[in-house]
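The chain contents come next:
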Amino acid sequence: MSTTNKVALITGGSRGLGRNMAVAIAKKGIDVLITYNTNSKAAEEVVSEIKSIGRNAAALQLDTSRINSFDAFVKEFTGWLQVNTANSKLDFLINNAGTALYSPIKDVKEEQVDHIFDIHYKAVVFLTQKLLPLMNDGGGVINISSGLTRITNPGSAVYASVKTAVETFTRYLAKETGDRKIRANVVAPGAIETDFGNGRVRDNPDINKHIAEITALGRVGLPDDIGGVVAFLCTEDAYWINGQRIEVSGGQAL
Ligand SMILES: NC(=O)c1ccc[n+]([C@@H]2O[C@H](COP(=O)([O-])OP(=O)(O)OC[C@H]3O[C@@H](n4cnc5c(N)ncnc54)[C@H](OP(=O)(O)O)[C@@H]3O)[C@@H](O)[C@H]2O)c1
């Protein structure tokens with residue numbers, strides 16, 4: 001099914017925020033390829049949901065902590081683009097996949113730092129590097145950061161500082177891809193009720209209540225609060241937003 005529709009690739013699209021983004025982007029008329037790490041069943045549910053609203057979709061496996069698997073992934077993805085698009089290119093890359101790390105600085109282990117650095121930073125750098133040649137000029141890269149780069153939360157030092165590195169990387173990316181009219185932006189969600197960190201924001205009543213209390217809009221975030229913002233960045237209306245960090249937190253810890 002070769003079409004001239006735009007195409008978005010979302011890492012970690014099987015659950016949580018990535019899933020919400022995938023559906024919201026599809027509702028903008030864009031075809032969507034999601035990746036998952038282990039949860040193929042959840043990924044297939046997302047694919048079915050997107051197809052039910054009339055857009056093309058597929059799911060591919062990718063462990064973003066394994067940078068040495070990226071060439072094989074890009075080859076597989078290229079094969080999908082060749083079959084499903086008119087010019088074998090994609091338009092939007094959303095680097096979203098990730099896992100949590102909660103550890104005070106005094107306890108954190110080198111392997112934990114390496115793991116978070118691989119998933120949240122190296123994966124963003126090298127997936128972007130490898131996919132830029134496959135992107136249409138005029139497309140966009142959206143990197144998912146966190147409200148924790150602006151506010152401090154003891155136990156999140158490593159996770160948050162790696163996300164800060166992604167924010168800086170994104171500004172440089174915007175500068176380097178401007179000649180191709182490819183925009184690069186960061187979306188930084190506040191605390192959102194997903195499975196992230198064993199669902200602590202959603203399932204721990206004390207944490208949930210605390211976050212609601214320090215949020216101007218008076219509640220914890222939900223996946224629906226995020227997907228539409230990322231989808232907006234994939235529209236023509238957002239063509240002049242570039243090199244920005246957009247926090248989406250309902251006004252958390254203002
Ligand atoms: N939830 C929050 O409060 C919050 C706040 C700010 C920022 N964020 C950021 O938002 C992003 C998404 O978080 P979320 O809340 O949606 O988390 P989530 O509900 O736990 O979903 C994580 C997603 O990432 C995938 N994933 C996990 N480890 C992976 C790996 N090694 N390789 C490839 N994919 C992997 C999962 O795939 P499987 O389904 O196959 O496991 C799943 O699709 C993350 O970058 C996170 O840092 C979250």
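Since the structure is predicted, the reported quantities are computational estimates derived from the model, not experimental observations.

> Give a description of the overall build of the protein that names residues and reports values.
Within the protein one finds eight helices and seven strands. Its C-alpha radius of gyration of 17 Å places the protein within 12% of the 18 Å reference for a compact globule of 254 residues. Based on the C-alpha atoms only, the size of the protein along its principal axes is roughly 50 × 35 × 35 Å. Here the protein holds 254 residues, and the buried ones make up 51% of them. Of the roughly 12,100 Å² of accessible surface on the protein, a fraction of 52% belongs to carbon and sulfur atoms. In the protein, 27 positive and 27 negative side-chain charges are present, and the distance between their average locations comes to 3 Å.

> How would you summarise unusual backbone geometry if you had to cite specific residues and measurements?
The backbone of Asn198 shows a phi angle near 55 degrees, a positive value even though the residue is not glycine. Along the chain, Asn198 turns up in helix 6 (residues 196–203). A relative accessible area of 78% places Asn198 in the exposed class. A positive phi angle, close to 50 degrees, is found at Ala253, a residue other than glycine. In this fold, Ala253 is placed in the segment after strand 7 (245–248).

> I'd love a proper account of the site of the ligand, names of residues and values included.
Inspection of the region around the ligand gives 31 residues, with Ser14, Thr38, Asn96, Tyr159 and Thr194 positioned closest. One of the backbone nitrogen or oxygen atoms of Thr38 is found 2.7 Å away from an oxygen atom of the ligand. Asn39 is positioned such that a nitrogen or oxygen atom in its backbone is 2.8 Å from an oxygen atom of the ligand. Protein coverage of the free-state accessible area of the ligand, which is 900 Å², stands at 95%.

> Hey, could you go over the packing of helix 6 against helix 7 (residues 205–213) for me, with residue numbers and the actual values?
When two helices pack together, their arrangement is captured by the angle between the axes and the distance separating the axes. Closest axis-to-axis distance for the helix 6/helix 7 pair is 6 Å, and the angle between their directions is 65 degrees. Contacts from Arg200, Val201, Arg202 and Asp203 in helix 6 reach Pro205, Ile207, Asn208 and Ile211 in helix 7. Grouping the amino acids of the contact of helix 6 with helix 7 by side-chain chemistry returns four nonpolar, one polar and three charged.

> For the packing of helix 3 (residues 70–84) against helix 4 (residues 110–131), give the residues involved together with the corresponding values.
Contact geometry of helix 3 with helix 4 gives a least axis separation of 11 Å together with a crossing angle of 40 degrees. On the basis of their axis angle, the class for helix 3 and helix 4 is oblique. When the axes of helix 3 and helix 4 are compared, the crossing they make is right-handed. Packed against helix 3, whose contacting residues are Phe70, Asp71, Phe73, Val74 and Phe77, the element helix 4 presents Ala123, Phe126, Leu127, Lys130 and Leu131 at the interface. Across the contact of helix 3 with helix 4, the residue classes tally to eight nonpolar, no polar and two charged.

> Quick one: what's the story with the environment of Ala8, residue by residue and with numbers?
Turning to its location among the elements, Ala8 is positioned in strand 1 (residues 7–10). The contact partners of Ala8, leaving out residues within four places of it in the chain, are Ile25, Ile30, Asp31, Val32, Leu33, Phe92 and Ile94.

> I'd love a proper account of helix 8 (residues 224–233), names of residues and values included.
Ile226, Gly227, Val230, Ala231 and Leu233 are the residues of helix 8 that are buried. End-on, the buried residues of helix 8 take up no more than an arc of 155 degrees, which puts them together on one face. On its buried side, helix 8 packs onto helix 1 (16–26), strand 4 (90–95), strand 5 (135–144), strand 6 (183–189) and strand 7.

> Could you give an account of the packing of aromatic side chains, naming the residues involved and the relevant values?
What describes a pair of aromatic rings is the distance from one ring centre to the other and the angle between the planes of the rings. Scanning all chains against the criterion turns up six aromatic pairs. Measuring from ring centre to ring centre gives 6.1 Å for Phe73 and Phe77, while their planes differ by 10 degrees; the resulting arrangement is stacked. Taken together, the positions of Phe73 and Phe77, both in helix 3 and four residues apart, correspond to about one turn of that helix. On the basis of an interplanar angle of 25 degrees and a centroid distance of 5.1 Å, the ring pair of Phe117 and Tyr121 is categorised as stacked. Taken together, the residues Phe117 and Tyr121, both in helix 4 and four residues apart, mark about one turn of the helix. Following the ring pairs from residue to residue traces out a cluster consisting of Phe73, Phe77 and Trp80. A cation sits over an aromatic face here: Arg200 above Tyr102, 3.7 Å from the ring centre.

> Outline the side chain of Ser146, listing residues and values.
By the secondary structure assignment, Ser146 is in the loop between strand 5 and helix 5 (157–177). The exposure class assigned to Ser146 is buried, which follows from its relative accessible area of 7%. At a separation of 2.9 Å, a polar atom in the side chain of Ser146 contacts the main-chain amide nitrogen of Leu148. Here Ser146 is in contact with Tyr159, Lys163, Glu167, Ala188, Pro189 and Arg245, once residues within four sequence places are set aside.

Calculation rules
- Residues numbered from 1 in each chain as written.
- Predicted model: local features only at pLDDT ≥ 70, side-chain atom pairs only at ≥ 80, totals over all residues.
- Heavy atoms only, no water.
- Helix = DSSP H or I, 4+ residues; strand = E, 2+ residues; numbered from the N terminus.
- Rg over C-alpha atoms; globule rule 2.2 N^0.38 Å.
- Buried < 20%, exposed > 50% of the residue type's maximum accessible area, 1.4 Å probe, protein only.
- Areas by Shrake-Rupley, 256 points an atom, 1.4 Å probe, with all protein chains shown as cover.
- Lys, Arg positive; Asp, Glu negative; His and termini not counted.
- Charge placed at Lys NZ, Arg CZ, Asp CG, Glu CD.
- Near = heavy atom within 4 Å.
- Polar contact = N/O pair within 3.5 Å; in protein donor to acceptor, adjacent residues only side chain to side chain.
- Axes fitted to C-alpha atoms, helices over the stretch in contact; angles between N-to-C directions.
- Contact = heavy atoms within 4.5 Å.
- Nonpolar A, V, L, I, M, F, W, Y, C, P; charged D, E, K, R; others polar.
- Parallel < 35°, antiparallel > 145°, perpendicular 65-115°, else oblique.
- Left-handed = near helix turned anticlockwise from the far one by under 90°.
- Arc of directions from axis to C-beta.
- Phe/Tyr/Trp six-rings, centres within 6.5 Å; stacked < 30°, edge-to-face > 60°.
- Lys NZ or Arg CZ within 6 Å of the ring centre and 35° of its normal.

Note that every value here comes from positions in space, so none of it alone points to a role or purpose.
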